[in-house]
Amino acid sequence: MRSPIYLAGAFLILAISFAAYFNVAVRVDAPSALSRFNQLIEQSAPKRAAVHGERALRLLAKEGQTVDELAPLMLRVADAQLERRRYERAASLVREALATKASNTLSRRERAQYEDKLAQASILSGDIETAVAIYASFLDLAGDDASRGHGEDSSEISAFYAERVGVAARYFTEALNHARPYEPASGTREEQLATAFNMASLGAFYAMRDDAAYAAAGLLSSAYLIRTKLLGPEHQDTVQLTLVLGPVYSGMGRLDDAEKLYLDAFHAQEQLKGANSPDLSLYIKLLTGIYEKQGRYTEAQALQEHMRNLFRDAFGAQRYAVNRERDRREDINRPVSQQFLLEANYAPGDLISAAEFSIPTAKSPNIDEMKLRLAGDSDADPREANLPARLAQLISLCRSESGERISLRSGYRSYATQKVLYANIGAKGTVTPPGMSEHQTGLAADINVDNRFMRPSDRAYQCFEENAYRFGFILSYPPGNDYLPGEDPYEPWHWRYVGVSTAQLYREAGPYQKPQEFLAALPCYQERAAKGVFPAIGEEDICLSGKPEIKVAASESDLLQPVEEDDRSARILNKTPAARSPR
């Protein structure tokens, strides 16, 4: 018999021989290397597998396999390299594989998943340009789901695109220093401007989310720097970013940075439109808000006086002398929100097709949703001075200035229609519960730009922000509002007609970004403005100092969501003057 020592020695020799053979085989034999790669992947050891995957790729290529044939393996090896944190190599593999004809066999979702991995690897390896290009394309492909931040149907590819862009915020937050903007190290002028465009689109998307302020600041400040250097601070594309980046800075407490942005934008628009243009009022309003937050009341008051002089010269000294009973009687200035509900049987009596006034429509012009109230002025020619005529003029102006396709997406919606839409979409969409929607009044217009909801990054948005008040429109649901239920009540596409005089008064003397409070206290503002008495900066606005005396309530008992009594400082609009109560 063989001794145990002899058998153990023989076994050891065999093991060493096999290990040596295996080690040589996986290094020089492609099938062996590939087999080892697959084995380690199955064992959930991707970091160890990556080395063998790379070796298999080299050996198979040496044996004559084409890049098209290797593409599936390249994607798998890229996954392993991501786990290994070899981000630059992972990005290179994915980019090369997706460029092959073999990638055409991937489904849209599979391709999007690898493009997402390419973008993540690019960010982590410092290639910001590639990442923003991918995620900006995702944003376009997401369409309206990008405005919601998620999709109504998670199985839809558009919802997947929106979700992946949302997740990418944390990568941009880590990669970009919001206090020190990123600037491309290379690339042609056109390439750098394309990067700035992509950054602006993504930054505007993140600016609408409460949890992505730092990603928004990093992207938008970088886009602003690139455009300032290549186009100049006075270029409209540079100025447009002010309207998105400024509020982000203000929300982060970077008031000095916001002030500089608004000052540069004001001077740029002053050169373009003239020192006496009332269109400067938007930037005056923005600057006034910053000065007020900084406690610089004297400077803020001086700006307010300057705006009033502009408005007096442009619109007349007695512009608010007439208390517009008709507008209140016909609900043109009526507040509508979860604090101020509409009755279930409320319906306007002067609906008219938007197409009759040459308003481009996103849907069939024959349906109710493409109707608006006429709301004609009694003191002017109602065929020219009415809601649809003015919306048509505003769209025409902004289409000319922006070069973008602008259309009416949604106008009038009845209580019953709103109830059905909310039941189908609920909190996942951009539809509010019945009784809370301004669409029921026929005075609201959701605006499409290039066949999806208007976004803050659109040139058309800047045009609406600057000019809508001259046509009687205001932004109903600005950033930070609590007028609607849900996580994201900000709606940059939703514009409400309140009449030219009221819109001018809101711009000149109304509380910043508080349209519903302003409409609720409108008689007070009108009365004081007619006497030339405007709120002073740094002092309490007495028009907002009382509680609502009467609450407008929905009459239908099956309202989908109860509304709590609002204790904020606003009075409900009513037919008779309301007594003020101490706050």
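### Points about the state of the cysteines
- One pass over the structure, following the stated rule, counts two disulfides.
- Between the sulfur of C398 and that of C463 lies a disulfide, 2.2 Å long from S to S. Linking C398 and C463, the disulfide has an S-S dihedral of approximately -80° and is accordingly described as left-handed. Linking C398 in helix 18 (residues 387-402) with C463 in helix 20 (residues 459-467), this pair joins segments that are 65 residues apart in sequence. Assigned by exposure class, C398 and C463 land together as buried.

### Looking at the nonpolar core
- Counting residues in each nonpolar core, the largest one holds 113 residues, and the members touching the most others are Y135, F172, L202, Y206 and L505.
- The residues contacting F172, other than those within four sequence positions of it, are I123, A131, V132, Y135, L202, Y206, A215 and L219.
- Ranked by size, the runner-up nonpolar core spans 36 residues in total, among them A445, V449, F473 and L475.

### Thoughts on the packing of aromatic side chains
- Applying the stated criterion across every chain yields a total of 16 aromatic pairs.
- Judged by centre distance (6.0 Å) and plane angle (75°), the ring pair of Y135 and F172 falls under edge-to-face. With Y135 in helix 7 (residues 128-142) and F172 in helix 10 (residues 169-175), this pair connects stretches of sequence that are 37 residues apart.
- Here F172 falls in the buried class, since its relative accessible area comes to 0%.
- A connected cluster of aromatic rings, assembled from ring pairs, spans Y135, F138, F160, Y161, F172, F205 and Y206.
- For the cation-ring pair, R409 lies above F453, with the distance from its terminal atom to the ring centre recorded as 3.9 Å.

### With respect to the environment of L544
- Within the element layout of this structure, L544 appears in the segment after helix 23 (522-530).
- On the accessibility criterion, L544 (9% relative accessible area) is buried.
- Considered as a pair, L544 and A520 are 24 residues apart in the sequence and their alpha carbons are 8.9 Å apart.

### What to know about the pairing of strand 4 (residues 444-449)
- In terms of residue burial, strand 4 counts as a mostly covered element, since six of its six residues are buried.
- Side chains A444, D446 and N448 of strand 4 all project onto a buried face; the interleaved residues A445, I447 and V449 project onto the opposite face, where all are buried too.
- Strand direction decides the pairing type here: strand 3 (residues 406-410) and strand 4, joined by four bridges, are antiparallel. The residue bridging S410 from the neighbouring strand is D446, located in strand 4.
- Two strands pair when backbone bridges link them, and strand 4 and strand 7 (residues 494-497) are joined in this way by three bridges, in the antiparallel orientation. Of the residues in strand 7, the one forming a bridge with A445 is W495.
- Relative to strand 5 (residues 452-453), strand 4 is paired through two bridges, and the arrangement is antiparallel. If you follow N448 over to strand 5, its bridge partner there is F453.
- Hairpin connection from strand 4 to strand 5: two residues lie between these consecutive antiparallel strands, with D450 at a positive phi of about 55°.

### Looking at the pattern of salt bridges
- Counted by the stated rule, this structure contains 30 salt bridges.
- Measuring nitrogen to oxygen at the nearest pair gives 2.6 Å for the salt bridge that ties D144 to R409. One end of the pair, D144, is in the loop between helix 7 and helix 8 (145-148); the other, R409, is in strand 3, and 265 residues separate them in sequence.
- Classification of R409 by relative accessible area gives buried; the value is 15%.
- Notably, a salt bridge pairs E369 with K363, separated by 3.1 Å at the nearest N-O pair.
- Among the residues examined, E369 registers a relative accessible area of 18% and is labelled buried.
- Among the charged side chains, a network of salt bridges with common partners joins K273, D279, E466 and R470.

### Section: empty space enclosed by the protein
- In this structure the tally under the stated criterion is four cavities of 30 Å³ or more.
- In this structure, the largest cavity encloses a volume near 80 Å³.
- Looking at the largest cavity, it is lined by 13 residues, and the ones nearest its centre are A146, F205, M208, R455 and P456.
- Within the residue set of the lining of the largest cavity, elements represented by two or more residues are helix 8 and helix 11 (189-207).
- With three residues, helix 11 is the largest single contributor of residues to the lining of the largest cavity.
- Grouping the amino acids of the lining of the largest cavity by side-chain chemistry returns nine nonpolar, three polar and one charged.
- Of the pockets and cavities examined, the second largest cavity occupies roughly 60 Å³.
- Together, 13 residues line the second largest cavity, and T432, S437, H439, E491 and H494 are the ones closest to its centre.
- Split by residue class, the lining of the second largest cavity holds three nonpolar, six polar and four charged.

### Some details on unusual backbone geometry
- One non-glycine residue, S44, lies in positive phi territory at about 60°.
- Inspection of the secondary structure assignment puts S44 in the loop between helix 2 (30-42) and helix 3 (46-62).
- Among the residues examined, S44 registers a relative accessible area of 63% and is labelled exposed.
- The phi dihedral of D450 falls on the positive side, at around 55°, and the residue is not glycine.
- Its location among the elements puts D450 in the loop between strand 4 and strand 5.

### Digging into helix 2
- Over its 13 residues, helix 2 runs 18 Å from end to end, which matches the ideal 18 Å to within 8%, given 1.5 Å per residue.
- Within the sequence span of helix 2, burial applies to A30, A33, R36, F37 and L40. Taken end-on, helix 2 shows its buried residues confined to a sector of 130°, consistent with a single buried face. With respect to the buried face of helix 2, the exposed residues turned more than 90 degrees away are P31 and E42.

### Digging into the environment of Q338
- Structurally, Q338 is set in the loop between helix 17 (325-329) and strand 1 (351-353).
- Separated by 99 residues in sequence, Q338 and S437 have C-alpha atoms that sit 8.6 Å apart.
- A polar contact is formed between the side chain of Q338 and the backbone oxygen of D482, at a distance of 2.9 Å.

### Structural notes on the confidence of the model for the protein chain
- Model confidence for the protein chain is summarised by a mean pLDDT of 86, while 85% of its residues fall at 70 or above.
- The model gives residues 17-25 a pLDDT under 50, and that stretch makes three contacts with residues more than four places away or in other chains.

Reading guide: rules and limits
Residues numbered from 1 in each chain as written. Predicted model: local features only at pLDDT ≥ 70, side-chain atom pairs only at ≥ 80, totals over all residues. Heavy atoms only, no water. Disulfide = S-S within 2.5 Å. Helix = DSSP H or I, 4+ residues; strand = E, 2+ residues; numbered from the N terminus. Buried < 20%, exposed > 50% of the residue type's maximum accessible area, 1.4 Å probe, protein only. Core = buried A, V, L, I, M, F, W, Y, C linked by side-chain atoms within 4.5 Å. Contact = heavy atoms within 4.5 Å. Phe/Tyr/Trp six-rings, centres within 6.5 Å; stacked < 30°, edge-to-face > 60°. Lys NZ or Arg CZ within 6 Å of the ring centre and 35° of its normal. Pairing = 2+ DSSP bridges. Salt bridge = Lys/Arg side-chain N within 4 Å of Asp/Glu carboxyl O. 1 Å grid on protein atoms, 1.4 Å probe; cavity = no way out; pocket = protein on both sides within 12 Å on 5 of 7 lines; lining within 4 Å. Points joined across faces, edges and corners; volume = space filled by probe spheres on them. Nonpolar A, V, L, I, M, F, W, Y, C, P; charged D, E, K, R; others polar. Expected span 1.5 Å × (residues − 1). Arc of directions from axis to C-beta. Polar contact = N/O pair within 3.5 Å; in protein donor to acceptor, adjacent residues only side chain to side chain. pLDDT = per-residue confidence, 0-100.

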